[in-house]
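Descriptive analysis of the structure
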Amino acid sequence: QVHLVESGGGLVQAGGSLRLSCAASGITVSDFDIGWYRQAPGKERESVANISRVGGTNYADSVKGRFTISRGNAENTVYLHMNSLKLEDTAIYYCNAKYFTYVRTYDYWGQGTRVTVSS
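What comes next concerns the included structure. None of these values were measured; they are calculated from a predicted model.

**Focus on the environment of arginine 71**
- For arginine 71, the position within the fold is in strand 7 (residues 67-72).
- On the basis of relative accessible area, arginine 71 is assigned to the partly exposed category, the value being 23%.
- Separated by 29 residues in sequence, arginine 71 and glycine 42 place their C-alpha atoms 30 Å apart.
- Not counting chain neighbours up to four residues away, the residues in contact with arginine 71 comprise Val29, Ser30, Ile51, Ser52, Arg53, Gly55, Thr77 and Val78.
- Here the side chain of arginine 71 touches asparagine 73 through a polar contact of 3.1 Å, side chain to side chain.

Structure (structure tokens):
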């Protein structure tokens, strides 16, 4: 059974930093494309950052230069390092693991971790 467990969220002042973790069980994170998404109140879920199986990374324009996604293979965990946090970064952050084959798509989500940025 696959589980993705996010942690590291919390309350932080604007300009501060947090590190989110997505700990996986039942899969090996380096075999999947892993993404961080977020959903702010009243808004749709959006992609924040992702790291491919080969280690390539992509970021939403709104977080470029401030967020960094990384993968700890030994820990089977993907991290999202968030610096210079802004009020608009307030959201629930979710981890997603995807793997596509010709016959099936593997698509797993965690339960989310809440990030609140205060002024």
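**A word on the pattern of salt bridges**
- Applying the stated criterion to the full structure yields five salt bridges.
- Between lysine 98 and aspartate 107 there is a salt bridge whose closest N-O contact spans 3.9 Å.
- On the basis of relative accessibility, which here comes to 37%, the residue aspartate 107 falls in the partly exposed class.
- If you follow the salt bridges from partner to partner, you end up with Arg38, Glu46, Arg66 and Asp89 in one network.

**Overview of the sheet that holds strand 7**
- Spatial strand order, 1-3-8-7: four strands in an open sheet with antiparallel pairing. Whereas interior strands pair on both sides, the edge strands pair on one side only; in this sheet they are strand 1 (3-7) and strand 7. Put simply, the sheet's adjacent strands are angled 15 degrees from each other on average, direction ignored.
- Where strand 7 lies against strand 8 (residues 77-82), six bridges are found, and the strand directions are antiparallel. Bridge assignment links serine 70 to a residue of strand 8, and that residue is tyrosine 79.

Rules used in this analysis
- Residues numbered from 1 in each chain as written.
- Predicted model: local features only at pLDDT ≥ 70, side-chain atom pairs only at ≥ 80, totals over all residues.
- Heavy atoms only, no water.
- Helix = DSSP H or I, 4+ residues; strand = E, 2+ residues; numbered from the N terminus.
- Buried < 20%, exposed > 50% of the residue type's maximum accessible area, 1.4 Å probe, protein only.
- Contact = heavy atoms within 4.5 Å.
- Polar contact = N/O pair within 3.5 Å; in protein donor to acceptor, adjacent residues only side chain to side chain.
- Salt bridge = Lys/Arg side-chain N within 4 Å of Asp/Glu carboxyl O.
- Pairing = 2+ DSSP bridges.
- Axes fitted to C-alpha atoms, helices over the stretch in contact; angles between N-to-C directions.

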